[in-house]
Amino acid sequence: MTVFLIPCGLSIRDGLLVKRGAPTDAEFGHQRFNRVLTWAAHARAGRPNDVAASWRQEIGPLLGPDEGVYLTDWNPEVSAETNTIAHRLSSPSRLLDDGHRAVLLASDTDAGLASAMLVATHLAQGVERIVHLAVPEFPGQNEWTDEFPRGTVTVVSVKGMDETADRLRRSVAGLGRVLRVVADQAHANERIEVHVTGGYKATVLYLMTMTEVLASTRDPGLVEAWYLHEDGDQAVRIELRRLSEEHVSRLRQALTEVHNRQPLSPDLEVFRTAGLTHGDRLTPFGAGFLAVLGERVSYVDI
């Protein structure tokens, strides 16, 4: 079985509005998307664990045949995220029924949440098997008790994914935390497949490098990255670099020392020039790597 980890952008919004992959007579339209955006604004102001129930109750009726939308019947080409899944599974509509899971990474914005929930609805073949979580505000993914339930599509909101400069460290640490929790909750031989077709492009860059770090901590073949070109007819597996066990250990030590405001050990100075630190602080890369390695990383002050 496979856990698909998928960063979500606004591709599905664009696809729905231009009717890309739409069934005959199906219509979404700007007015309907604006209603979804309004829902997202209210949902983000509430509790993260209430989002999925609110989606089912308030938006579910807008996405069915009675409204002329038939969202689950739209061709997967409606978005980059669903199209990549369709090129990886022979029966993408049976994603959950066949025992796979999907974890969607959403920016903590109205459009980001709305788009991710629409992708989730398409992948889950309806609104019932969707869970929403948010990366915790406080230190340590080892304190994150929420689970990514099997048989569901889980949407995870990550703060700062649309940000730049200093605050980007927050989102990258959040992405690293999600990667680590997915790995910790995976069965012994369960594969993790990271898709980098959609999503905020800067986020995808960080996610790719963190995937390499994660893959270096698990058995070969259990963590992979895949990409589907816009005009491609098949998904492409991206070759990941594999770090040695010694390198991973030294990387963890160096990042932990910088995060704890300790002087960097002389034999670890090489990591200071690797783009992982800036002065006495971690860069977004450094914060993300440390989270992937399972160390306590302050979500707010990094």
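For the structure itself, consult the block above.
A short tour of the structure in this document, coming up. Given the structure is predicted, the values throughout are model-derived calculations rather than measurements.

**Side note on the overall build of the chain**
Of the regular secondary structure elements, the chain holds nine helices and nine strands. Computed over its C-alpha atoms, the radius of gyration of the chain comes to 19 Å, within 12% of the 19 Å expected for a compact globule of 302 residues. Counting the 302 residues in the chain, one finds 53% classified as buried. Counting contacts in the chain only where the partners sit at least 6 residues apart, residues at least 24 apart contribute 72% of the total. Summed over its atoms, the accessible surface of the chain is roughly 13300 Å², and 48% of this surface lies on carbon and sulfur atoms. Each charge sign in the chain was given a centre, from 31 positive and 40 negative side chains, and these centres are 3 Å apart.

**Considering the sheet that holds strand E2 (residues 101–107)**
Adjacent strands of a sheet pair through backbone hydrogen bonds, lying either parallel or antiparallel. Within the open sheet, the seven strands sit side by side as E3-E4-E2-E1-E5-E6-E7. Their pairing is mixed. In this open sheet, the two edge strands, each paired with only one partner strand, are strand E3 (130–134) and strand E7 (236–238). On average, each strand axis in the sheet is inclined to that of its neighbour by 25°, with strand direction left out of account. Here E2 runs beside strand E4 (residues 153–158); their pairing, made up of six bridges, is parallel. From the neighbouring strand, Leu 105 faces E4, where its bridge partner is Val 156. Helix H6 (residues 168–185) contacts strand E1 (2–7), E2, E4 and strand E5 (191–195) of the sheet and is inclined by roughly 170° relative to E2.

**So, the environment of Arg 32**
Inspection of the secondary structure puts Arg 32 in helix H2 (residues 29–44). Owing to a relative accessible area of 12%, Arg 32 belongs among the buried residues under this scheme. For the pair formed by Arg 32 and Gly 9, sequence separation is 23 residues and the distance between their alpha carbons is 18 Å. Among all residues touching Arg 32, those that are not within four sequence positions of it are Glu 27, Leu 62, Glu 67 and Val 69.

**Description of helix H5 (residues 110–123)**
Relative to the 20 Å expected for 14 residues at 1.5 Å per residue, H5 spans 20 Å between its end C-alpha atoms, a close match to the ideal helical length. Of all 14 residues in H5, 12 are buried; the element is thus mostly enclosed. When we look at burial in H5, the residues that qualify are Gly 112, Leu 113, Ala 114, Ser 115, Ala 116, Met 117, Leu 118, Val 119, Ala 120, Thr 121, His 122 and Leu 123. Gln 125 occupies a position one or two residues after H5 and carries a positive phi of about 55°.

**Describing the packing of helix H7 (residues 201–216) against helix H9 (residues 284–292)**
For the pair H7 and H9, interaxial distance at closest approach is 10 Å and the crossing angle is 40°. The crossing of H7 and H9 is right-handed. On the side of H7, the interface is formed by Leu 205, Tyr 206, Thr 209, Met 210, Val 213 and Leu 214, while H9 contributes Pro 284, Phe 285, Gly 288, Phe 289 and Val 292.

Cut-offs applied
Residues numbered from 1 in each chain as written. Predicted model: local features only at pLDDT ≥ 70, side-chain atom pairs only at ≥ 80, totals over all residues. Heavy atoms only, no water. Helix = DSSP H or I, 4+ residues; strand = E, 2+ residues; numbered from the N terminus. Rg over C-alpha atoms; globule rule 2.2 N^0.38 Å. Buried < 20%, exposed > 50% of the residue type's maximum accessible area, 1.4 Å probe, protein only. Contact = heavy atoms within 4.5 Å. Areas by Shrake-Rupley, 256 points an atom, 1.4 Å probe, with all protein chains shown as cover. Lys, Arg positive; Asp, Glu negative; His and termini not counted. Charge placed at Lys NZ, Arg CZ, Asp CG, Glu CD. Pairing = 2+ DSSP bridges. Axes fitted to C-alpha atoms, helices over the stretch in contact; angles between N-to-C directions. Expected span 1.5 Å × (residues − 1). Left-handed = near helix turned anticlockwise from the far one by under 90°.

In short, the description is geometric, and any link to function would need to be established separately.
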